[in-house]
Amino acid sequence: MTTFLILHGYENHRPEGHWQHWLAGKLRERGHTVRYPQLPEPDAPVLDDWLDALEEHGQRPDEGGFVVLAHSLSVLLWLRAAGRIDADRVLLVAPPSPPVTVGIPDIAAFAEGLDLAAVRLKAPTRLVYGDGDPYCPEGADVHYGTPLGLDLDLVPGGGHLNPDFGYGAWDSVLEWCENPETRVRGNR
């Protein structure tokens, strides 16, 4: 049995139409343990509070595997804590760029002072990003993928890979959860 930790982004109240909500349900149907916490104050997140929540929910289970999936702002959260959490593998999806993040006062602290050269990824990590993402117009590969040497999956036309871009059900992410060799692709 595998435990999955699903981390949402800014202003996300875990809506039913989001691929993360859909994924949590599908994984539970298949007998997996899913941790899908509502992070504190998603409309005005405080970095330290989100780090505390990650510490609480990011404890490795006593048995079985442990897989983390982070979307949007929680990717930056993960990058700050990755060296302290023992996961088997990680999927980072559609992070906002540092300039965009710093430009939004409620979340600027997540990007300010984030030194990618100091990030230590303990687990195999894949970055999935869409072209045309308004929150990372330069491309997540430029800001995160190349500097961190991540395995990359580009989703053509994927945008921010959220419901606004058609990402409710997302079969290839579910496939990746059960087979890490699966390449994550679009759902269109």
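A brief structural summary.

Criteria and thresholds
- Residues numbered from 1 in each chain as written.
- Predicted model: local features only at pLDDT ≥ 70, side-chain atom pairs only at ≥ 80, totals over all residues.
- Heavy atoms only, no water.
- Helix = DSSP H or I, 4+ residues; strand = E, 2+ residues; numbered from the N terminus.
- Rg over C-alpha atoms; globule rule 2.2 N^0.38 Å.
- Contact = heavy atoms within 4.5 Å.
- Areas by Shrake-Rupley, 256 points an atom, 1.4 Å probe, with all protein chains shown as cover.
- Lys, Arg positive; Asp, Glu negative; His and termini not counted.
- Charge placed at Lys NZ, Arg CZ, Asp CG, Glu CD.
- 1 Å grid on protein atoms, 1.4 Å probe; cavity = no way out; pocket = protein on both sides within 12 Å on 5 of 7 lines; lining within 4 Å.
- Points joined across faces, edges and corners; volume = space filled by probe spheres on them.
- Nonpolar A, V, L, I, M, F, W, Y, C, P; charged D, E, K, R; others polar.
- Patch = residues over 30% accessible without salt bridge, like charges linked within 9 Å, V, L, I, M, F, W, Y side chains within 5 Å.
- Salt bridge = Lys/Arg side-chain N within 4 Å of Asp/Glu carboxyl O.
- Buried < 20%, exposed > 50% of the residue type's maximum accessible area, 1.4 Å probe, protein only.
- Axes fitted to C-alpha atoms, helices over the stretch in contact; angles between N-to-C directions.
- Parallel < 35°, antiparallel > 145°, perpendicular 65-115°, else oblique.
- Right-handed = clockwise from strand over helix to strand, strands pointing away.
- Pairing = 2+ DSSP bridges.

1. Quick notes on the overall build of the protein chain
So, step 1. The helix and strand inventory of the protein chain stands at seven helices and six strands.
So, step 2. Each helix and strand of the protein chain, ordered N terminal to C terminal, gives the series β-α-β-α-β-α-β-α-α-β-α-β-α.
So, step 3. Over its C-alpha atoms the protein chain spans a radius of gyration of 15 Å, differing by no more than 12% from the 16 Å that the globule rule assigns to 188 residues.
So, step 4. Expressed as lengths along the three principal axes of its C-alpha atoms, the size of the protein chain is roughly 40 × 35 × 30 Å.
So, step 5. In the protein chain, of all internal contacts separated by at least 6 residues, the share reaching a separation of at least 24 is 71%.
So, step 6. Here the protein chain has roughly 8,200 Å² of accessible surface; of this, 48% comes from carbon and sulfur atoms.
So, step 7. Both charge centroids of the protein chain, one from 15 positive and one from 28 negative side chains, sit 7 Å from each other.

2. Structural notes on the layout of surface pockets
So, step 1. Of the voids in this model, the largest pocket is the one considered here, and its volume is about 320 Å³.
So, step 2. Lining the largest pocket are 17 residues; nearest its centre among them are Tyr 10, Ser 72, Tyr 135, His 160 and Asn 162.
So, step 3. Split by residue class, the lining of the largest pocket holds eight nonpolar, seven polar and two charged.

3. A few points about a negative patch on the surface
So, step 1. There is a patch of like negative charges on the surface, built from Glu 11, Glu 41, Asp 43, Asp 48, Asp 49, Asp 52, Glu 55, Glu 56 and Asp 106.
So, step 2. For Asp 43, the position within the fold is in the loop between strand 2 (33-35) and helix 2 (47-57).
So, step 3. Residue Asp 43 is classed as partly exposed on the basis of its relative accessible area of 39%.

4. Brief notes about the pattern of salt bridges
So, step 1. With the rule as written, the count across this model stands at nine salt bridges.
So, step 2. Ionic pairing is found between Arg 126 and Asp 151, a salt bridge with its closest N-O pair at 3.0 Å. Taken together, the residues Arg 126 in strand 5 (residues 125-130) and Asp 151 in strand 6 (residues 151-155) connect sequence positions 25 residues apart.
So, step 3. Between Arg 183 and Asp 153 there is a salt bridge, and its shortest N-O distance comes to 2.6 Å. One end of the pair, Arg 183, is in the segment after helix 7 (171-178); the other, Asp 153, is in strand 6, and 30 residues separate them in sequence.

5. A few points about the packing of helix 2 against helix 3 (residues 73-81)
Helix packing for two helices is described by the angle between their axes and how far apart those axes are.
So, step 1. Closest axis-to-axis distance for the helix 2/helix 3 pair is 10 Å, and the angle between their directions is 70°. As summarised for this structure, helix 2 and helix 3 are arranged roughly perpendicular, according to the angle between their axes. Within the contact between the two elements, helix 2 uses Leu 47, Trp 50, Leu 51 and Leu 54 and helix 3 uses Leu 73, Ser 74, Leu 77, Trp 78, Arg 80 and Ala 81.
So, step 2. A per-class count over the contact of helix 2 with helix 3 returns eight nonpolar, one polar and one charged.

6. Concerning the pairing of strand 1 (residues 2-7)
So, step 1. Burial of strand 1 is extensive: six of the six residues sit out of reach of the surface.
So, step 2. Both faces of strand 1 are covered, namely the face carrying Thr 2, Phe 4 and Ile 6 and the face carrying Thr 3, Leu 5 and Leu 7.
So, step 3. Of the crossover connections in this fold, the one passing from strand 1 over helix 1 (residues 19-29) to the parallel strand 2 is right-handed.

7. Let's talk about helix 7
So, step 1. Along helix 7, the residues classified as buried are Ser 172, Val 173, Leu 174, Trp 176 and Cys 177.
So, step 2. In the core, the buried residues of helix 7 are packed alongside strand 1, helix 1, strand 3 (65-71), strand 4 (89-93) and strand 5.

8. What about the sheet that holds strand 6?
Backbone-to-backbone hydrogen bonds join strands into a sheet, with any given pair of strands oriented parallel or antiparallel.
So, step 1. Strands sit in the order 2-1-3-4-5-6 across an open sheet of six strands; the sheet is parallel. Across the chains shown, the open sheet's two edge strands, defined by having one partner strand only, are strand 2 and strand 6. Across the sheet, the mean angle separating the axes of adjacent strands is 15° when strand polarity is ignored.
So, step 2. Of the pairings in the sheet, the one linking strand 4 to strand 5 comprises four bridges and is parallel in character. In the sheet register, Val 93 faces strand 5, and the bridge partner there is Val 128.

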